[in-house]
Amino acid sequence: LQLTYFTAIAQAGQFSAASERVGISQSALSLQITALEEDLGTALFRRLPRGVELTEAGRQLLPKAHQILRELETVRLDIRASNIEPEGLVRLGMVPTLHSSTARPLAASLKQRLPKLELEMLTGPSNYLADQLREGRLDLAILQAGRSGIAPLEAKPLMTQALYLMTAAERRPSADMLVRRAPPAITFEALTQFCLLSTDLEDGLGYLLSQYEAETGTKLQKTRSFGQLQVDLEAVMAGEAAMLLPHTAITHLDGQGRIAATAIIEPEVVRDLFLVSDPRREVTSAIKSTAAHIMENIAGLVPVL
């Protein structure tokens, strides 16, 4: 309050006018300024016949006082806003290999935590979701970086997932391909015996496989994805091809027994997923709360293999 009184007097040039502005008596205002001057160990005002003027110390204090009062007002507004339940539309994108198993539980948990929130979800390849963010059609996206990266978007590490060799159940790797361990595993080099559906280098999966090929010196047999996860999985179930996917891509098929998942080793194949936003765009309390909820809860919502 003392800084508020100080700036009021500096602006009015008189104690009497300042006391009316801040709503306290002139004597009480004078006592507050005297206490401030004693605390600082210097006079802030020079008394004149028809008012006051700032001393050198007062002139040094004035801009700093304005800054402190602005910061206090910002904090006050932030605290008030934090007590208002977030509401409004949030547009969230998610790669299909996570969306198929996690979209519904995530939407349910958000509805329970933020009942006034309206969630709109979109799924597609990572490069498509990144473009949607850049064009302002999405507020947040969970994706995997491709060859072109995600600049100028902002990415926060969300989770790491192991990829498995997905084959038709009756065409799972033969015993001589498997490494003795539980569960059965296949080496990365042995993957060359399968024709693998893959996206191009601009998408996360295609770029990831190219990195592992370069790292291991292994050339995989790859053919183009059909462009939709469900169609790709149908091709796998029909024995027409295989894929490297996280287990979340097939969780919704549990009980059908038509796809076999085999762990990959030497090296293990993993992908990193990020929660991505565009720092150039306005972030509402609804978007901020949704992002925080995802960061805190997504691990518990992902099905376990």
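A brief report on the enclosed structure follows. Model, not experiment: these values are computed from the prediction.

### A short note on the packing of aromatic side chains
Taken as a whole, this structure holds three aromatic pairs when the rule is applied. Taking 5.4 Å as the distance between ring centres and 50° as the angle between the ring planes, the aromatic pair formed by Phe 6 and Phe 45 counts as tilted. On the criterion of sequence distance, the pair formed by Phe 6 in helix H1 (residues 2–12) and Phe 45 in strand E1 (residues 45–48) is long-range, its members being 39 residues apart. We note that Phe 6, like Phe 45, is buried. The rings of Phe 6, Phe 15 and Phe 45 are connected pair by pair, giving a single aromatic cluster.

### Remarks on the nonpolar core
One broad rule of soluble globular proteins: the nonpolar side chains tend to lie buried together. Core analysis: the biggest nonpolar cluster contains 36 residues, and Leu 165, Ile 186, Leu 191, Leu 233, Leu 244, Ile 259 and Ile 264 have the highest contact counts within it. If you list the elements that add at least two residues to this core, you get strand E7 (164–168), strand E9 (185–187), strand E10 (195–198), helix H7 (204–216), helix H8 (229–237), strand E12 (243–245) and strand E13 (259–265). Leu 110, Leu 140, Ile 298 and Val 302 belong to the second-largest nonpolar core, a separate cluster that totals 31 residues.

### Points about the packing of H1 against helix H3 (residues 26–40)
For the pair H1 and H3, the least separation of the axes is 9 Å and the interaxial angle reads 110°. Considered as vectors, H1 and H3 are oriented roughly perpendicular to each other. Across the interface between the two elements, Gln 2, Tyr 5, Phe 6 and Ile 9 from H1 touch Leu 29, Gln 32, Ile 33, Ala 35 and Leu 36 from H3. Of the residues belonging to the contact of H1 with H3, the class tally is seven nonpolar, two polar and no charged.

### What to know about the sheet that holds E9
With mixed pairing, the five strands of this open sheet are ordered in space as E8-E9-E13-E7-E12. Both outer strands of the open sheet, strand E8 (178–179) and E12, are each paired with one neighbouring strand and no more.

### Section: the layout of surface pockets
Of the pockets and cavities examined, the largest pocket occupies roughly 580 Å³. As for the largest pocket, its lining consists of 31 residues, and the residues nearest its centre are Pro 96, Pro 125, Thr 199, Asp 203 and Leu 229. Looking at the lining of the largest pocket residue by residue, the class counts come to eleven nonpolar, 15 polar and five charged.

The rules behind each value
- Residues numbered from 1 in each chain as written.
- Predicted model: local features only at pLDDT ≥ 70, side-chain atom pairs only at ≥ 80, totals over all residues.
- Heavy atoms only, no water.
- Phe/Tyr/Trp six-rings, centres within 6.5 Å; stacked < 30°, edge-to-face > 60°.
- Helix = DSSP H or I, 4+ residues; strand = E, 2+ residues; numbered from the N terminus.
- Buried < 20%, exposed > 50% of the residue type's maximum accessible area, 1.4 Å probe, protein only.
- Core = buried A, V, L, I, M, F, W, Y, C linked by side-chain atoms within 4.5 Å.
- Axes fitted to C-alpha atoms, helices over the stretch in contact; angles between N-to-C directions.
- Parallel < 35°, antiparallel > 145°, perpendicular 65-115°, else oblique.
- Contact = heavy atoms within 4.5 Å.
- Nonpolar A, V, L, I, M, F, W, Y, C, P; charged D, E, K, R; others polar.
- Pairing = 2+ DSSP bridges.
- 1 Å grid on protein atoms, 1.4 Å probe; cavity = no way out; pocket = protein on both sides within 12 Å on 5 of 7 lines; lining within 4 Å.
- Points joined across faces, edges and corners; volume = space filled by probe spheres on them.

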